[in-house]
Amino acid sequence: MSTSTTGTTGTTGTTGTTTHPWHDTTRPTPERVELLLAAMTLEEKLAQLGSHWFDRRGADEVVAPMQDTFGARRPDFATASRHGLGHLTRVLGTDPVPADEGRAKLARTQRELVANHRLGLPAIAHEECLTGVTSYGATVYPAPLAWGAAFDPDLVHEVGAAIGRDLRRLGVHQGLAPVLDVVRDYRWGRVEETVGEDPYAVATIATAYVRGMEEQGVVATLKHFVGYSASRGGRNHAPVSVGPRELADVLLPPFEMAVREGGARSVMNSYADLDGEPVAASSALLTDLLRDTWGFEGTVVSDYWAVAFLATAHGTAADAADAGARSLRAGMDVELPNTMCFGLLGPLVADGGLDEAVVDRAVRRVLRQKAELGLLDAPAADGTPPGGAPDDDPIDLDAPGNRDLARRLAEESVVLLANPAGVLPLDGRTTRRVAVVGPSAADPGVLLGCYSYPIHVLPRHPELGMGVEVPSLLDALRAELDGVEVVHEPGCAVVDDDRTGFDAAVAAARDADVVLLTVGDRAGMFGRGTSGEGCDVSDLRLPGVQHDLVEAVLATGTPVVLVVVSGRPYALGAFLDRAAAVVQAFMPGEEGAGAIAGVLSGRVTPSGRLPVQVPRDPGGGPQTYLGAPLTRRLDKISNLDPGPAFPFGHGLSYTTFAYDDLRVTSCGVPTDGAFDVAVTVTNTGERAGTEVVQLYLSDPVADVARPVKQLAGYARVPLEPGAAARVTFAVPADLTSYTGVDLRRVVDPGTVGVQVGGSSEGDVLSAQVELTGPRRYPGADRALRSTAVVTPLA
């Protein structure tokens, strides 16, 4: 066994490994960190604040902004790690190799790093993991917008835990997920990566993912702090002009919940500037709010090259060293994916331009996190670095349990938007011939988000296919619709101007009993898709000539079921009076085809609800449901109707549900108290189904213009035919708080509107509750969520 020492230079034990005092796990973590920090040179400290990426893609294969430009300046690994290294960037997610080989590659890299540096410190290995582990052969789960459609935090928690387990088995310590940006403009390409347009839904669902990952010992990274999704015109990286009230009441709450309740140990900055101040250099956000107010104790890591962007994109730094100093002072801790700016800070410290205490502050945070991950422990007897992969057993990253989770989440996320004629579910006794038309049917890639490995990495390796089994919707329909003749005509591609396939598609539609018309997106990055990072749009018309294909097929008179598989909501108002049914799926992952086919056949009773509104018209300034009264249509205010085709929270079933007996706390509720809202929901149909009961609050009189309504609770309630349940929400008065005129958060006494139903609009029950007592200013310990209890009724 190795022997330890109290000296800073370390001793060599009987196995030949060197031990140091910071290896002693009986010492408190702060003491271990200080011992190590004291043993470091300035160069070694700065090395802990950076990373290295082995990636060598061509200019047309980038997966990060300006990757080709910045990547060309990257030193080799030996040079980059000569003083140690804080992080290793995407060792598995760069080149497609089997899981066992990827794990071995990462382990070899860690061994080399430890062997070649006098302090023997491994690096924190991080990976993308938004729709699953970004490694070859890993399960591709539904995209986050589908998480939002499922309204099932418990299931998302399971997915986060499954991804965390797989990451740890590979030797990965940190996952760059989830995305907590609240959708503000549907034209933004990264809508598919978000959970939706409501801060409460985003907060509760994303926090469940964070808890699942953190419980497996993997550091979850909150993205993108903050404001990224509110860019002008929905354009990636565009400036953000939100006011402090929108920032506090809409964009920040998900991050606050994930930090305070989820235990997230890392935060990644937004690329954007807020009212001219880049977040990467904002001490008000990265230090004053995140750490001093919320109590965050983890690490702030830069989005890729965001520190350098202070000089190259924002014009707020003179050069790379100045950018590094400004960002570090503001509260950034780690520069990703390579050490471009922080590594240049040595001369600035030596000249007195940067206090070394600022460097030490960030290094302490990194070392503390390494201690939590076991990376400051002594190497194993055989010299294996600490914190690596826990075993050498074969790894199946697409195990049956993973696929089952992917299937369950996909099935819960499919939304039945309209079914006026009852054409769904398809009846095999009367439907003999189905025409499957449209560009989304035969391409399994349309089911996957832009950060899935098959879309993110494998396009430059076409010989490897998808790496996992991903049936197309056409394949799933042929398997699902037993005894039904299924014919297929694509009609057109997802995006181009070629209409030569229209005639064949129209002919197939005329000869069918029902048409399943599949349209939507194919994810990509930086213009190589219709959805995804850097794939923004100018309006919400279906991509390419798909709108015209829909019109041509609808003109046949054959009943048309419009099936939209997309990463953002598209304007469907032009088709609603002619479509027999409309189904929406948001990039539902590798099991998504079976989920959609199951809903169409009736094997799966739809229970998804919209996490974003579906617009009526393609232009006119897309806006979410979180608007004050003037965002609604008011008589003689404007000739434009801003109302959606389908509202937030909307979704139908193959059964029906009735609400009654709404009761709220009858006596006055103090502004520091809580109130109960209870309602009975009954399955009044002939088949089992799940209703998503939704609670909304409104503030009819406030000091500032407030949203007409805002989600404050929800619950998935499965019910057999004729069964009923009592759903009771316990609602803290803090959920009525808002940012007042003086920019302080306030809970006002007075009337609060309460609305409960199966959507934000339509047939709902309403009541009021009175808050009493003085105006109250809740602090950083304010309550962030309601709780729901579902009690079955006899």
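The shown structure was predicted, so the numbers you read here are calculated from the model rather than taken from an experiment.

Here we come to the overall build of the protein chain. What the protein chain contains, in helices and strands, is 21 helices and 28 strands. Since a compact globule built from 794 residues should have a radius of gyration of about 28 Å, the 27 Å found for the protein chain is in line with a globular shape. C-alpha atoms of the protein chain, sized along the principal axes, occupy 80 × 70 × 55 Å. Counted over contacts in the protein chain with a minimum sequence separation of 6, partners at least 24 positions apart contribute 78%.

In the structure shown here, the tally under the stated rule is 51 salt bridges. A salt bridge links Arg190 to Glu533; the nearest nitrogen and oxygen atoms lie 3.3 Å apart. With Arg190 in the loop between β6 (174-176) and α8 (199-214) and Glu533 in the loop between β15 (514-520) and α20 (546-554), this residue pair connects regions lying 343 residues apart in the sequence. Glu533 carries the same exposure label as Arg190, and that label is buried. A salt bridge links Arg365 to Asp333; the nearest nitrogen and oxygen atoms lie 2.9 Å apart. In this pair, Arg365 sits in helix α15 (residues 356-372) while Asp333 sits in the loop between α13 (320-330) and α14 (346-350), placing the two residues 32 residues apart along the sequence. A relative accessible area of 10% means that Arg365 is categorised as buried.

Taken residue by residue, the protein chain gives an average pLDDT of 93. The fraction at 70 or more is 95%. Below pLDDT 50 for its whole length, residues 1-8 participates in 25 contacts with residues either more than four positions away or in separate chains.

With that settled, consider the sheet that holds strand β28 (residues 787-793). Pairing in this open sheet of four strands is antiparallel, and the strands run β18-β20-β23-β28 from one edge to the other. Two strands bound the open sheet, and with one partner strand each, they are β18 (657-664) and β28. Here the strands of the sheet are splayed against their neighbours by 20° on average, with no regard to which way each runs. Relative to β28, strand β23 (residues 724-732) runs antiparallel, the two being bridged by seven bridges. Looking at the pairing, Val727 lines up with Val790 of β28.

Our next topic: the nonpolar core. If you look at the biggest cluster of nonpolar residues, it comprises 243 residues, and the most contacted ones within it are Phe225, Leu424, Leu517 and Val561. When residues of this core are assigned to their parent elements, the largest contribution, eight residues, is made by α8. Among all residues touching Phe225, those that are not within four sequence positions of it are Leu252, Phe255, Val267, Met268, Asn269, Ser270, Val279, Leu285, Leu286, Leu289, Leu290 and Trp294.

This part is about unusual backbone geometry. The linkage connecting Ala177 with the following residue, Pro178, adopts the cis geometry, with an omega of 5°. Relative to the helices and strands, Pro178 resides in the loop between β6 and α8. Residue Val226 is bonded to the preceding Phe225 through a cis peptide linkage, with omega at -5°. For Val226, the position within the fold is in the loop between β7 (219-225) and α9 (244-251). Phi is positive for Trp305, which is not a glycine, with a value near 65°. Its location among the elements puts Trp305 in the loop between β11 (299-301) and α12 (306-312). Phi at Leu743 is positive, roughly 65°, even though this residue is not glycine.

Moving on to α8. Here α8 is 16 residues long and its end C-alpha atoms lie 22 Å apart, about the 22 Å a rise of 1.5 Å per residue gives. With 15 of 16 residues buried, α8 is to be regarded as a mostly interior element. With a side-chain oxygen positioned 2.8 Å from the backbone nitrogen of Tyr200, the residue opening α8 is Asp198.

A separate point is the sheet that holds strand β21 (residues 689-698). Ordered by their spatial adjacency, five strands build an open sheet running β19-β27-β26-β21-β22, and the pairing between neighbours is mixed. Of all the strands in the sheet, the pair left with one neighbour each is β19 (669-670) and β22 (710-719). The pairing of β19 with strand β27 (residues 765-772) spans two bridges and is classified as parallel. Across the sheet, Val669 pairs through a bridge with Leu771, a residue of β27.

What follows is about the environment of Glu128. Structurally, the position occupied by Glu128 is in strand β5 (residues 124-128). For Glu128, a relative accessible area of 5% translates into the label buried. Taking C-alpha positions, Glu128 is 9.4 Å from Pro178, a pair spaced 50 residues apart along the chain. Beyond its immediate stretch of four places on either side in the chain, Glu128 contacts Arg90, Val133, Thr134, Leu176, Lys223 and Tyr451. A polar atom in the side chain of Glu128 sits 3.2 Å from the side chain of Lys223.

Here the focus is the side chain of Ser282. Among the structural elements, Ser282 can be located in the loop between β10 (277-278) and α11 (283-293). Its relative accessible area of 1% is what places Ser282 among the buried residues. Beyond its immediate stretch of four places on either side in the chain, Ser282 contacts Glu277, Thr287 and Ala330.

A few words now on the packing of α13 against α15. When two helices pack together, their arrangement is given by the angle between their axes and by how far apart the axes lie. Running from N to C, α13 and α15 point in directions that differ by 65°, and their axes come no closer than 9 Å. α15 is crossed by α13, and the crossing has left-handed handedness. On α15, the residues that touch Leu328, Arg329 and Ala330 of α13 are Val358, Val359, Arg361 and Ala362. Here the residues of the contact of α13 with α15 are counted per class, giving five nonpolar, no polar and two charged.

The subject of this paragraph is the packing of aromatic side chains. Given two aromatic rings, one states the distance between the centres and the angle between the planes to describe the pair. One pass over the full model with this rule turns up 15 aromatic pairs. For the pair Trp53 and Trp305, a centre-to-centre distance of 6.1 Å together with 35° between the ring planes defines the contact as tilted. Residue Trp53 is found in strand β3 (residues 51-53), and its partner Trp305 is found in the loop between β11 and α12; the two are separated by 252 residues along the sequence. Both residues of the pair, Trp53 and Trp305, belong to the buried class. Each member of the aromatic cluster is reached from another via a ring pair, and the members are Phe151, Tyr200, Tyr625, Phe648, Tyr696 and Tyr714. Over the ring of Tyr451 we find Lys223, and its NZ or CZ is 5.4 Å from the ring centre. Seen from the ring of Tyr777, Arg744 lies directly overhead, with NZ or CZ sitting 3.7 Å from the centre.

All right, on to helix α19 (residues 502-510) then. Those residues of α19 not exposed but buried are Phe502, Ala505, Val506, Ala508 and Ala509. With its buried residues spanning 160° around the axis, α19 presents them on a single face. Across α19 from its buried face, at more than 90 degrees, point the exposed residues Asp503 and Arg510. Looking at the buried residues of α19, the elements they touch are β13 (433-437), β14 (485-489), β15 and α20.

Calculation notes
- Residues numbered from 1 in each chain as written.
- Predicted model: local features only at pLDDT ≥ 70, side-chain atom pairs only at ≥ 80, totals over all residues.
- Heavy atoms only, no water.
- Helix = DSSP H or I, 4+ residues; strand = E, 2+ residues; numbered from the N terminus.
- Rg over C-alpha atoms; globule rule 2.2 N^0.38 Å.
- Contact = heavy atoms within 4.5 Å.
- Salt bridge = Lys/Arg side-chain N within 4 Å of Asp/Glu carboxyl O.
- Buried < 20%, exposed > 50% of the residue type's maximum accessible area, 1.4 Å probe, protein only.
- pLDDT = per-residue confidence, 0-100.
- Pairing = 2+ DSSP bridges.
- Axes fitted to C-alpha atoms, helices over the stretch in contact; angles between N-to-C directions.
- Core = buried A, V, L, I, M, F, W, Y, C linked by side-chain atoms within 4.5 Å.
- Expected span 1.5 Å × (residues − 1).
- Polar contact = N/O pair within 3.5 Å; in protein donor to acceptor, adjacent residues only side chain to side chain.
- Left-handed = near helix turned anticlockwise from the far one by under 90°.
- Nonpolar A, V, L, I, M, F, W, Y, C, P; charged D, E, K, R; others polar.
- Phe/Tyr/Trp six-rings, centres within 6.5 Å; stacked < 30°, edge-to-face > 60°.
- Lys NZ or Arg CZ within 6 Å of the ring centre and 35° of its normal.
- Arc of directions from axis to C-beta.

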